[in-house]
Amino acid sequence: EQAGGEEVLAVCLAGCLADWRRPRRPSAAQRPTSAREVALRALVPPSCCPRAGHCREARRPAGRSMAEGTARPAASHGKAQREEARPAAGQGDDAAHQHVAESADEGPELVQLASALRGIDEELKQANALVKEFQELMHKSVELQDKVKTISLRTKRDLSGLDRSVRKLRLSDSQEASDLVGALNTLKRRAVRLRETQPETRSIFSRIVLGRVNVKCFSERERFRLRDEYNKFKLRTSVIFVLFPLVVLFFHYYLRHNWADTHWINLFHHLWLLYYFVSLALRENILLVNGSNIRPWWIYHHYLSAAGTVVWLVWPQTEIYLSYVPYVTCLCLYTGVVQSMQILFYQKRDYANRALGKTGHMDISYPETLTELPKELLILVPFLFIAQVWQMLLGLSFLKTFFFECDILDKHWTEFREELQVGASGVFAIILASGNFIATVLTVYRKANQKQSMLALKEEREQLSRVLDHKVKAS
């Protein structure tokens, strides 16, 4: 029995040695991944081997020793298993053919994906070349800006010297003197236009909010987008400018006596007004840098209005505060209605005015006054004057309350609770009303004499031409 066990062990070792010497399939990590190799590999998959799991026992040699009788049953057993595995081999062949068909179907898709990747690679190479060209052009544009800046500074210095010389000469009213003054003014306007190529922030307010960054757009598309976004902002906020005062009045007259606290709605209203005026001031500063026709007064108007809203935000809820809430809110409502009428009208005439050359591409309309005087807008002039007179009377009422009802002479300034808010509101209201009135009158006068202004500019250009021609003849 011991000799028979050793014989069986020898047979098993011989079978293992034969398996070790037999060449093996490559591992999954070493196998190719192309469509063709996948199809070839699928012809004989490992799961379809008819001897899988029984190869070792089937290949064991039968010994001629005492264990021959014991090894034969094992060989016969392997033969029986091979007979049983033949149907499985047929099933394995069908699976192999199916795998080959699926791989053949996937082949064109892989080719299309590879072609798409190559196309994207070519587009990225082309885009990278364009980016490199763009960077070179930007570097060149910076050099050109530096050259223009040098010329602009030198020209500005020379024009300042000529202006002082003209003033010292005290020229008479001769034709040559007037031609020289007109030519000097024309050259000054042309020198100012050189700033269009220089990056700048300009205003202190923009520097405080944004820092020393460039806010100038050098492409027309970006400048037009700035103007369009400004007009959209005014159109959208005009609706809130009308609806919010209505909500405040509803809370003041109907809910203030039933609810414990309604002061928060006034705070939200003035917070929104603060956001509105600060946004307008920032947008108009950027538009002014980019060549818009905004007058400086309207930017200062928004500064003062924002300061006035801050005063109302820190005003405690007292009897004087509650007495002025409906008057100020009704003024905001009235102003919002007039502004909405103007914005809607200007929006319809904007394209026609630019096509006719009456306004520039970066010109905008002012909600607080007029920018043109067609017959349809003459009816708005009385409404504008009513709003300005209303604001003036409201400011005078604030000052009257400050001097006669707050008892500022009988109190130390450390005992003031709302006195400073009352006085500041009156001062801001009077300044805003006076400035709006003067700006409206100047706009009406300028639009009425627009033809004369155009003729004056044309005459100054002709004077410059005469001066230059005179110098050429003299030389």
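In this report, the structure presented in the accompanying data block is examined. (Residues numbered from 1 in each chain as written. Predicted model: local features only at pLDDT ≥ 70, side-chain atom pairs only at ≥ 80, totals over all residues. Heavy atoms only, no water.)

## Notes on the overall build of the protein chain
Part 1 of the reasoning: A count of helical and extended segments in the protein chain gives 13 helices and zero strands.
Part 2 of the reasoning: Its helices and strands taken in sequence order, the protein chain reads α-α-α-α-α-α-α-α-α-α-α-α-α from the N to the C terminus.
Part 3 of the reasoning: Out of the 475 residues in the protein chain, the part that is buried amounts to 34%.
Part 4 of the reasoning: Excluding contacts between residues fewer than 6 apart, the proportion of contacts in the protein chain whose partners are at least 24 apart in sequence is 77%.
Part 5 of the reasoning: Of the roughly 31,500 Å² of accessible surface on the protein chain, 61% is carried by carbon and sulfur atoms. (Helix = DSSP H or I, 4+ residues; strand = E, 2+ residues; numbered from the N terminus. Buried < 20%, exposed > 50% of the residue type's maximum accessible area, 1.4 Å probe, protein only. Contact = heavy atoms within 4.5 Å. Areas by Shrake-Rupley, 256 points an atom, 1.4 Å probe, with all protein chains shown as cover.)

## Let's talk about a nonpolar patch on the surface
Part 1 of the reasoning: A contiguous nonpolar surface patch, about 470 Å² in accessible area, is contributed by Ile 204, Ile 208, Val 209, Leu 210 and Val 213.
Part 2 of the reasoning: Taking the relative accessible area as the measure of exposure, Ile 208 reaches 66% and is therefore exposed. (Patch = residues over 30% accessible without salt bridge, like charges linked within 9 Å, V, L, I, M, F, W, Y side chains within 5 Å. Salt bridge = Lys/Arg side-chain N within 4 Å of Asp/Glu carboxyl O.)

## Description of empty space enclosed by the protein
Part 1 of the reasoning: Counted under the stated rule, the structure contains three cavities of 30 Å³ or more.
Part 2 of the reasoning: Its boundaries defined by the atoms lining it, the largest cavity holds a volume of some 620 Å³.
Part 3 of the reasoning: The wall of the largest cavity is formed by 30 residues, among which Ser 305, Leu 331, Cys 332, Gln 391 and Leu 432 lie closest to the centre.
Part 4 of the reasoning: Secondary-structure elements contributing two or more residues to the lining of the largest cavity are helix 8 (263-289), helix 9 (296-313), helix 10 (319-356), helix 11 (380-404) and helix 12 (419-448).
Part 5 of the reasoning: Partitioning the lining of the largest cavity into residue classes produces 18 nonpolar, eleven polar and one charged. (1 Å grid on protein atoms, 1.4 Å probe; cavity = no way out; pocket = protein on both sides within 12 Å on 5 of 7 lines; lining within 4 Å. Points joined across faces, edges and corners; volume = space filled by probe spheres on them. Nonpolar A, V, L, I, M, F, W, Y, C, P; charged D, E, K, R; others polar.)

## Considerations on unusual backbone geometry
Part 1 of the reasoning: The backbone of Arg 202 sits at a positive phi, close to 70 degrees, despite the residue not being glycine.
Part 2 of the reasoning: Positionally, Arg 202 belongs in the loop between helix 5 (175-192) and helix 6 (204-210).

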